[in-house]
Structures are given as C-alpha cells and as structure tokens.
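# Descriptive analysis of the structure
So you can see what is in the structure, the chains are spelled out below.
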Amino acid sequence: MSIMSLTLPVQDEAVLARRGEIVAALRAIVPGEGVIDAEREMRPYESDGLTAYRQLPMVVVLPQTTAQVSAVLRYCHANGIRVVPRGAGTSLSGGALPLGDAVLLGMGKFKRIREIDFANRVVVAEPGVTNLAVSTAVAHEGFYYAPDPSSQIACTIGGNVAENSGGVHCLKYGMTTNNVLGCELVLITGEILRLGGKHLDAGGYDLLGIVTGSEGLLGVVTEVTVRILKKPETARAVLVGFASSEDAGACVGAIIGAGIIPGGMEMMDRPAIHAVEEFVHAGYPLDVEALLIVELDGPSAEVDHLLERVESIARACRASVVRVSTSEEERLLFWAGRKAAFPAVGRISPDYYCMDGTIPRAQLPLVLARMREMSEKYGLRVANVFHAGDGNLHPLILYDANVPGELDRAEAFGTEILRLCVQVGGVLTGEHGVGVEKRDLMPDMFTEIDLAHQQRLKCAFDEKGLLNPGKVFPTLHRCAELGRVHVHHGHTAFPDIPRF
Amino acid sequence: MDILKPRDAKDVEDAVQGALGGGHTLDIVGRGTKRAIGRPSQSELTLDLSGLTGVTLYEPDELVLSARAGTPIAEIEALVAASGQELAFEPMDYGPLLGGPPDAGSIGGVLAANLAGPRRIKSGAARDHFLGVTAVSGRGETFKSGGRVVKNVTGYDLCKLLAGSWGTLAVMTDVTLKTLPRAETEGSVLLRGLDAAAAVRAMAAAMGSSCDVSGAAHMRRDGWVTALRLEGVAPSVLHRQAALDALMRPFGKTEILGVQDSRALWRAVRDVTPFAGDARPLWRISTAPTAGPGLAAALCDAELIYDWAGGLIWAALPPGQDTRGDAGAAMARAAVAAAGGHATLIRAPAPVRAAVAVFDAQDAGVAALTRRVKEGFDPKGILNPGRMWAGV
Ligand SMILES: Cc1cc2nc3c(=O)[nH]c(=O)nc-3n(C[C@H](O)[C@H](O)[C@H](O)COP(=O)(O)OP(=O)(O)OC[C@H]3O[C@@H](n4cnc5c(N)ncnc54)[C@H](O)[C@@H]3O)c2cc1C
C-alpha cells in the first residue's frame, strides 16, 4: 500500500465547519491546557511510529480523569464527531494516526499507578503509565510485568492493551492478553464499563479478551489491571551461530521438540548480525548466516540442566559457534545487540520499514529464500530479526525516502512479504497490529463474511463507527446493513442431514 | 425432540440455515457431558456435533494442533501425550461432577466452556491456548478467526469471544490450539491444619516466590490440607521443593508428596472429585485470592474447596440448607457482589436452574453490551437460546 493509495474516511466538512464551537465545548470539559488547537502544538501528534504517514488532527484533547473521557466521548457521540485514541504514539502500524476531522484523545496524563497488590500479584494502573514503569514500580519486591515490547520505555500500558503487544519473552510468558485481568472501558456513548478485575476469567462473554488487541476501535481504556510475576531466580543465555538458516530453524524446532520452552529465543540473519555488531560490539560471530540467542530462566539447577541440553541439541544441529554467557554482564551484552537491532539498522540506512508477519516455523527457510529474491527484484536490502520460538518475523526493509520511488518500492516489497506469510499458513501481523498499514491486506487473510463478523462486534460497541475509523477494516459497512439476516431460500428444512 | 447429526462442517451450516429459515431454535451439543450446566434447554431441535471428529493437524515442534470440534478430548490428550505434550491449561472434566462418566467430553465443549484446571494460575485457561476457529454463526454463515500460529494480532480475536460463550454465538466446527511440552515430573509441598485465612497467606507467599508454583489449593483430606505443586525437570523440582519447603515452614509442619501421589491429588482438585457423586447444589466462584476466605465465610455452612491460590472457590451447599429453593443463589450473589468476582451455579435441579440466574449477574452496561453482541452473531436467537441468561 503506498501513501498515495491510502484512503482514509472522507472528511466530514460539516464537523470541520463547526471546529471553533467544538473546541470551545471540549474546553468546557477539559479546562486549561488540556485542549490543543494551535497547529504548531499539534505537530507532535501528527504521526505515530509509522512515520511515513502524517496527518494533523482537528484538535487534541488530553483528559485527566475518567469523567472527562466520558464527557468528551458523550459529546462527540452526540455530535457525530470522530475520535482517535492515543497512548505514547509508538504504534508501528498507524493505529494512532490522526484524522483531519477527528478529536485526537491523548491518554498521556493518565500516569498514576493506582494500586500495587502483592498478595494478589496485580497492579492497577492508569493507561498512560509506560510498560516499563509497571515493572519498575514492583521491582523492589522482585516482581515484574512479563510482556516486554522493545519500546517498553516509551509505550503505554493502554497502548499495549489496544495492540495486544508482545515482547521477546512472550513464547514462555504470553502476550498482553494473557497477562491482563481487567480494565475500565469508556464506550463512545460515554458509558463507563468494568471488565474483569483481580479475579481470573469472565463470568459471561470474554469482552476483555475482545477489547485487548482491538486497536482503539471499541472503547477507550481508562484503567488496566495486570498480573505481575516474581522474577526468575536466574537467567543465562547462549549464543549459537549456524552456517545456514535451515540449520538454525531446525535447531529451534529441535529445542522445542525436546520439551524446552526457553524464556526467549531470538534469531538474526547475516545482514542484521553485521549491522548490530558494528553498532554494539556484542561479540557476535560475523562468519555465520544465522545467529540464535536462547535464554533460559528459572532456578539455577534448572537453567544449568537445560543449558546443557540446548548446547548438545545445537551441536547436533551443526552449530558452528556455541557460547554460553558466563556472567550477568555477558548475558546482557548478548541481548544488547538484539535489542538495538532496529537502531543498528537505522545506522546503515537512512530509513527502514519494519514488517511483522508470523509464519509456521518450518516455513522459515523458504520464506528467507523468497525474501532474498524479492530483495533483488526491488533493489532494496533487507535484514531479518525473528522471534524464532513463535515464528514472528521482523524483516527490516532498508530504503531512502529521499530517493524518488524507494518508499513505494519498500512498501511493495513489504506487501509481498506479508502476502507470502499468509500463503505459507501464517498471518499478517504477530504483534504490531493492522492499523492503516495492513488494513487493505485484510482480504488476503479473511473473506467478506469473516470481516463482517468482526465488524458486528464493532457495531455492538460503536454503532456509529466514530472510534478510530479507517483503521483495521478495509471497508466499514454500516451497522444497519450488517444487521440484516439473509435467509437462504430452500433452506427451511434439513434435507440432507442425518436426523434421529 | 429431534436430533440433527451433521457429518461435516457443511452439514452444520445447512442445519443452522435450516433452523433460521424454518424458525427453529437449536440446542448445540458436543458430546453432551455439560448439558446439565446452564439454564435448561428451550430448543425443539438438537444439533449433535459428536460426528465431527478427527485431529486434522498436529505438529509438536510447532506447538499446534487442529481438530474437528466434536473430537473427544481424551483422544486429543492421548495423542499429544504420546509426543510428550499436553494442553497446558489442564482442562477439568465435569463428567463425574454431573453424574456422568469421566473423559467423555469434546474439544469443542472444552473451548465453549472455557475450561481450565489448577494450572490456570500459571498457564491460563482454554481462552489462552485457543489459536484459531471456523464456526457457523446464528446467521447461518461460516466464518473463521485466528490462525495456526501462536502469535497473531490480525483482526479481532473472535476465539476469545467464543471461549466461554457456551454455544450461544456460533457453532464451532474446527478449532486450533496451542500444545506445550508436558513437565517431566512433579511433586507437592503440603501443609496441614491451616484455616482458610492462613492457607491463603501461605499460598500467596508461595505464588509470590520464584518457585514457579503451578497449583495452589486448600481442601479437606482427613482435615484441611494446603497443597502446592511444582512441575518441571527433576533437578529443578527437587531444588524448588527444598526452597518452598523452607519458605512454608513458618506456616506449619510441611510434608512432601512424590510424583504419583501428587498427580492423584491434583487430578482430584482439577475435577473437584470430593463433590462428585452427590447432588448438592454446587457453585463455582472466581474472586481475588485474598478475598476468598471472607467470601466463603458468607456462604454459611457450604462445604468448600479452594483452588487458584484461593481465587477459585467450589462451594457445595449442605442438603437441607437450601430453604429458599434457590440453590443458595441469593446468598452466593450477595457474597460475590461484596467481594468482587463472579459465580456460576454448576449443579442444581433443572427447575432451579430455570428460575435463578445461573451465570454471572452482570451490571446493566455489561448486560446490554452482551445482548448487542448476541444480536450481532445470532440475531434471531436460534443458538442455545437462554442457556446463559434469560432472553439472550
Ligand atoms: C522501536 C519500537 C519497538 C517496538 N517493539 C515492539 C515489540 O517488541 N513488541 C510489540 O508488540 N510492539 C512493539 N512496538 C510497537 C508499539 O510500541 C506497541 O504497539 C505499543 O503497545 C503501542 O503503545 P503506545 O502507547 O505507543 O500506543 P499508540 O501508538 O499511541 O496507540 C496504539 C493503538 O492503541 C490505541 N490506544 C492507545 N491508547 C489507548 C487507550 N487508552 N484506549 C484505547 N485505545 C488506545 C490507539 O488508538 C492505537 O490504535 C515497537 C515500536 C517501536 C517504535
């Protein structure tokens, strides 16, 4: 999808014509500096982590209380005004991209941790609290919050819920959805709902499970309850280098096949290894095609025992380098390289485009080979980092936005990669979300009927389609139209089905 | 009551369309082991999915399994066990509790009821392992969601919606789940004679340690026993057992259970075996662990089992106690309203289940949203009407 071809909902001119009145009404709800309408001050909000797309909102509102969020939404609902929720704006799929006729609802002032409850092992936080701040707040007792996106110093827990974010540890500890117990949600009507709490599972439909990963289309999250875990006693990592990505992929399968679920299992290909090593000097071997970092965590008796097994599996898989961390510094150094992969690639190219497909792991060699062909076809380099345990690929396509045509080529390259992921049995996005970026590829994975069923959920939460329109769904059907029941004639009986 | 027995997914679609066109309602049944849960059926036709069987994909190295919805759970558990794997959410078996045989349920039923076991506190419930689904909604249309990979955020997660929807939104025909390696061994640390408050404190201390406890229950077995389970590779279990034993000493005298006894104990906790084989009204209550003892105290003379470190309470009402004829509903609802969480009436005579709220009494906003979701997926109300709530 190129920038040119991205169609966002047609701007509502009637709403724009009333801008002054709308700003005044919002100021009455959120006084002081909580409403921003000057162009210069709205600039910081014009894009999220997908910086190729930019759009100024109609107005920015930064509420501080649930009551204000509710009043803003109720006003917008009554007046047919669109709303785009935003956390820290680190989305890589354009989920928080503003719309020109919409209120951008920034949740950044919801910064308080409301409760730390060690006995029940939960933290209740406002949505603007950063992911890392949740872990930091409980670190003194040796606890942490498990999902750890690489953006964790910046991204918010509200954004994590909206995107169902993951991290390098989610193979063992799950994604956001597996670690959230409750939330307070404000619907577009202004109605305030509580879903879940400190207890496990829903008593009725799992609405919390639906809201998690809904990309700001169903409601605005104003409070989140997450589960925290005690830090493992120890963690050690092993670096394993291979002469081919096939061997590396086979090794990942063999480790899991042997019944071992590492705390983290990350892979990098040659271009990524070289970019990272030049930047971080993590001591990565440069004469390998693929590098695995396998981290085991738990009591030292377990870690030592499993490390030995991993080492012997790696050697059986023809590893050319096997290096176990011998100190905490060395373990952190192994990770420093992986964690700096994006900025490292940023150093060797003016721009890069980060993809996020997931594939059945066995397809890795095929997908990497096809990516090399595509790289030649589009004349652009690609470096791969890969959450190897769960098959989540992050190809980084290198381009230069100042060279005419390169961005378009990068996007076409990315689209072809994602289509390939779907073709081999995988999916369009493992953790970054659909947003605007993958929106128009949804029909590659879903039929009209599949998408209509998803949209019926949207209708149950937001019938007028005012919350974050233009994201996730390639076409938004009217709820009235989706509500119709099509009875197929001739189906009033059960002709062919065995009946007793 | 007529029974329709589809042979394949296409038959299911035809059946739902037929019901839609003919104005019939359908009772959706997997293998029928949990039919006594929920409000009694109000349908004239039964859609029996027990003919949709077979594992269609199992790749242990990829941690993934797909099966037709009517496949016996026992068949799936045996298959994955042969590769050293399991369904990590440890789905409980309602059979014996409801007077039926053990090991008789279907995978579709496991998911529709969002089952879990003692390991819920570490590894999640069915919802957390449900990767993909193909289903027929009450609109008579086949849709899919999710996929066969463990990491996926493409579109709304309709698997979550269907997990725990008890067949009221769509009829699942094919499902994909995550499988995980089974622990090589296990052991348990026991404490005897604690009261509920002390037991919950002990379990909180255990859960808050780095011992990676995978089960924490408090129940009667010749007096009250508080049990803590450790699973993993042998050296790790031994190491953690010693650490946990030391950590639990201040709470009382400890005992260690070896692998066989530990397995038997946790199977009993999972299936609530002490309450099987009788007909007492039985409640299942989920709450914050520290709220458990207080909540339970409000249930008068109910006999109790605490799982999930105190957060899951099974409460069986003594015979004769049910003077209101509501299976203790008023009492249970009031206790849950005060403590937070939700309660489900798992076992009671059909007339009682028809008369009282069996599932969570939702507040107005959530109830209205629930109704809108139901209308979206089953606008004519033909799938398990009224099974969860009257009119839904
Ligand atoms: C360098 C970098 C590394 C990254 N690494 C990872 C990674 O390892 N794993 C991963 O999963 N992601 C990663 N991301 C993506 C991103 O950080 C996550 O998606 C994150 O959860 C977004 O949080 P945010 O607060 O920035 O949300 P935003 O970007 O502001 O918003 C994201 C979406 O959430 C909605 N939203 C935000 N707050 C709310 C709310 N309170 N209520 C309702 N809707 C809301 C928005 O409308 C939008 O659709 C990375 C991003 C960057 C830039």
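Just above sits the structure.
Attention in this report is confined to the structure presented alongside it. (Residues numbered from 1 in each chain as written. Chains lettered and ligands numbered in written order. Predicted model: local features only at pLDDT ≥ 70, side-chain atom pairs only at ≥ 80, totals over all residues. Heavy atoms only, no water.)

At a minimum axis distance of 8 Å, the contact between helix α11 (residues 300–316) of chain A and helix α7 (residues 234–248) of chain B shows a crossing angle of 170 degrees. Looking at the two axes, α11 of chain A sits roughly antiparallel to α7 of chain B. Each of A301, E302 and H305 of chain A in α11 of chain A lies in contact with α7 of chain B, whose residues at this interface are P235, S236, H239 and R240 of chain B. Of the residues belonging to the contact of α11 of chain A with α7 of chain B, the class tally is two nonpolar, three polar and two charged. (Axes fitted to C-alpha atoms, helices over the stretch in contact; angles between N-to-C directions. Helix = DSSP H or I, 4+ residues; strand = E, 2+ residues; numbered from the N terminus. Parallel < 35°, antiparallel > 145°, perpendicular 65-115°, else oblique. Contact = heavy atoms within 4.5 Å. Nonpolar A, V, L, I, M, F, W, Y, C, P; charged D, E, K, R; others polar.)

Residues and elements named next belong to chain A. Around the ligand, a shell composed of 32 residues is seen, among which P85, G87, T90, S151 and T156 lie nearest. Here S150 contributes a backbone N or O atom positioned 2.9 Å from an oxygen atom of the ligand. One of the side-chain nitrogen or oxygen atoms of S151 is found 2.6 Å away from an oxygen atom of the ligand. The set of elements that each furnish at least two residues to the shell around the ligand consists of β3 (82–86), α6 (157–163) and β10 (220–227). When residues in the shell around the ligand are grouped by element, the largest group, five residues, is from α6. (Near = heavy atom within 4 Å. Polar contact = N/O pair within 3.5 Å; in protein donor to acceptor, adjacent residues only side chain to side chain.)

Right, let's get into the pairing of strand β15 (residues 282–286) of chain B. Residues and elements named next belong to chain B. Of all five residues in β15, five are buried; the element is thus mostly enclosed. Burial along β15 is two-sided: the face carrying L282, R284 and S286 and the face carrying W283 and I285 are both buried. With five bridges joining them, β15 and strand β17 (residues 312–316) adopt antiparallel strand pairing. Note that in β17 the partner of R284 across the bridge is W314. As judged from the five bridges shared by β15 and strand β18 (residues 342–347), these two strands associate in the antiparallel manner. Within β18, the residue paired with S286 across the bridge is H342. (Buried < 20%, exposed > 50% of the residue type's maximum accessible area, 1.4 Å probe, protein only. Pairing = 2+ DSSP bridges.)

In this section: the nonpolar core. L292 and F461 of chain A together with I107, M172 and W314 of chain B are the most contacted members of the largest nonpolar core, which totals 210 residues. Counting residues per element, this core draws most heavily on helix α15 (residues 406–423) of chain A, which supplies eight residues. With residues up to four places along the chain from it excluded, the contact list for I107 of chain B reads A67, R68, A69, T71, I73, I76, L87, V175 and L177 of chain B. In terms of nonpolar packing, the next biggest core, distinct from the first, is built from 25 residues, V59, Y75, V83 and L467 of chain A among them. (Core = buried A, V, L, I, M, F, W, Y, C linked by side-chain atoms within 4.5 Å.)

With that settled, consider the packing of aromatic side chains. We describe a pair of aromatic rings using the distance from one ring centre to the other and the angle between the two ring planes. Following the criterion strictly, the structure yields 10 aromatic pairs over all chains and no others. Geometrically, the ring pair formed by W166 of chain B and F359 of chain B is edge-to-face, given 5.6 Å between the ring centres and 65 degrees between the ring planes. Of the two residues, W166 of chain B is situated in the loop between α5 (158–162) and β9 (170–178) and F359 of chain B in the loop between α11 (350–355) and α12 (364–377); the sequence distance between them amounts to 193 residues. The same class applies to W166 of chain B and to F359 of chain B, which are both buried. Cluster of aromatic residues (ring-pair linked, three or more members): Y205 of chain A together with W166, F359 and W389 of chain B. (Phe/Tyr/Trp six-rings, centres within 6.5 Å; stacked < 30°, edge-to-face > 60°.)

All right, on to the state of the cysteines then. Residue and element names in this part refer to chain A. All told, the structure shown has one disulfide over all chains when counted by the stated rule. A sulfur-sulfur distance of 2.0 Å marks the disulfide that ties C459 to C479. On the S-S bond that ties C459 to C479, the torsion sits near -90 degrees, and the link is left-handed. Of the two residues, C459 sits in helix α17 (residues 448–461) while C479 sits in helix α18 (residues 479–483), which places them 20 residues apart along the sequence. Across this residue pair, the class does not change: C459 and C479 are buried. Here C155 stays unpaired: no disulfide links it, and the sulfur of C170, its closest cysteine neighbor, is 13 Å away. (Disulfide = S-S within 2.5 Å.)

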